[in-house]
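Architecture at a glance
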Amino acid sequence: MLLGDATAIHASIPRRQQTDKRDARHILSLLVEDRFPKVWQPPVENEETRQLLLHRCRLVRLRTRVKNQLDAMAKNEGLLRAQGWSKKRRQEIEALPLSGWCAERRKDLLALHDEFDKRIAPLDEAVRKAAENNVDARRLMTHPGVGPIVSLAYVLIIGDWQRFPRGKYVASYLGLIPEEASSSDKRRLGHISKQGNELLRWLLVEAATLAQRHDPNWHRQYLRLSMNKHHGVAKVAIAHKLAIRLYWMLRSGQDYEQVKERGSHAGQSVSSSGCGSRPSN
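About the thresholds
- Residues numbered from 1 in each chain as written.
- Predicted model: local features only at pLDDT ≥ 70, side-chain atom pairs only at ≥ 80, totals over all residues.
- Heavy atoms only, no water.
- Core = buried A, V, L, I, M, F, W, Y, C linked by side-chain atoms within 4.5 Å.
- Buried < 20%, exposed > 50% of the residue type's maximum accessible area, 1.4 Å probe, protein only.
- Helix = DSSP H or I, 4+ residues; strand = E, 2+ residues; numbered from the N terminus.
- Axes fitted to C-alpha atoms, helices over the stretch in contact; angles between N-to-C directions.
- Parallel < 35°, antiparallel > 145°, perpendicular 65-115°, else oblique.
- Left-handed = near helix turned anticlockwise from the far one by under 90°.
- Contact = heavy atoms within 4.5 Å.
- Nonpolar A, V, L, I, M, F, W, Y, C, P; charged D, E, K, R; others polar.
- pLDDT = per-residue confidence, 0-100.
- Phe/Tyr/Trp six-rings, centres within 6.5 Å; stacked < 30°, edge-to-face > 60°.
- Salt bridge = Lys/Arg side-chain N within 4 Å of Asp/Glu carboxyl O.

1. Observations regarding the nonpolar core
Residues Tyr154, Leu174 and Leu204 are the most contacted members of the largest nonpolar core, which totals 64 residues. Considering each element in turn, this core owes the most residues, twelve residues, to helix H11 (residues 231-252).

2. Brief notes about the packing of helix H4 (residues 87-94) against helix H5 (residues 100-132)
For the pair H4 and H5, the least separation of the axes is 11 Å and the interaxial angle reads 155°. Classified by the angle their axes make, H4 and H5 are roughly antiparallel. With respect to the hand of their crossing, H4 and H5 are arranged in left-handed fashion. Of H5, the residues touching H4 (which contributes Arg90, Ile93 and Glu94) are Arg106, Leu110, His113 and Asp114. Each residue belonging to the contact of H4 with H5 can be placed in one class, and the counts come to two nonpolar, one polar and four charged.

3. Focus: the confidence of the model for the protein chain
Looking at the protein chain, the pLDDT average stands at 84 and 92% of residues meet or exceed 70. The least confident element of the protein chain is strand S1 (residues 178-180), whose mean pLDDT is 71; the most confident is H5, at 95. Here residues 265-278 scores under 50 on pLDDT; set against residues more than four positions off or in separate chains, the count is 23 contacts.

4. Focus on the packing of aromatic side chains
With the rule as written, the count across this model stands at two aromatic pairs. When the centroid spacing of 5.2 Å and the interplanar angle of 70° are considered together, the rings of Phe164 and Tyr173 count as edge-to-face. Classification of Phe164 as buried rests on a relative accessible area of 0%. Owing to a relative accessible area of 16%, Tyr173 belongs among the buried residues under this scheme. The interplanar angle of 75° and the centroid separation of 5.6 Å between the aromatic rings of Tyr247 and Trp248 together place this pair among those described as edge-to-face. What makes Tyr247 buried here is its relative accessible area of 1%.

5. Regarding the side chain of Arg139
Mapped onto the elements of the fold, Arg139 is located in helix H6 (residues 135-140). Residues contacting Arg139, with those up to four places away along its chain left out, are Met249, Gly253, Gln254 and Asp255.

6. Some details on the pattern of salt bridges
Applying the stated criterion to the full structure yields 15 salt bridges. Residue Glu92 is joined to Arg89 by a salt bridge in which the shortest nitrogen-to-oxygen separation is 3.8 Å. One end of the pair is Glu92 and the other is Arg89, both in helix H4 and three residues apart, which spans about a single turn. The residue Lys118 makes a salt bridge to Glu115 at a minimum N-O spacing of 3.4 Å. Of the two residues, Lys118 and Glu115 are both situated in helix H5; the distance of three residues between them amounts to about one turn of the helix. What you see here is one network of salt bridges that share partners, running through Asp71, Lys75, Arg89 and Glu92.

And the structure:
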């Protein structure tokens, strides 16, 4: 079964008169002339593991929403010091002198948090085992800030790295590059395109905070963007770099320390081995 790129198919239609019959004829002509723009599809054998990652990340997001509500309750009561979630933070929230429906809400949210912890724990273990059994995922885990979840998601969602001639195409594939509407000598950049896989993009942005602490150049850029723009912009910028570095680790077959010693490979293209064309979506 073929999955077509709807944007590319629509762009190849010269006429503005569009009907189901004309669309069908156009698609048939693309197939007959071997010009049908196919979209890359991940292997079927990895579907179960991809569903595991997706299910786990969705539960984690729901748990985070519960944590945020508990944290908001604590801040409303004057507990402003703590950053993030910890055992001490939970004890402080449990000790708040609440009554009525506020106390009932706290009780329900804490129960939900415990339930999410119980359900996420076996998923974490399953992801860890799957990552340990994957050679590429083990290699990516040598990078600081990249654990079993990020590494396994990267390997499964990116698929065959040879689809990408350069690291910048990986960043584009994941929607980590800005939108652009430039003309003449005026360059206009917008927000990131977000055209790629949402799950992997989110995981890379989350991992960027830890990854930048282990690279002086990344750390300086992170601090500069955080102060001049916003910490969200800084995290996306580091996630962009992280996506490219992980690509080079897969392509070179080397771990983090080896790739770091070799330095940046930006701008280099794949040699003539049949993978020098722009990747499909």
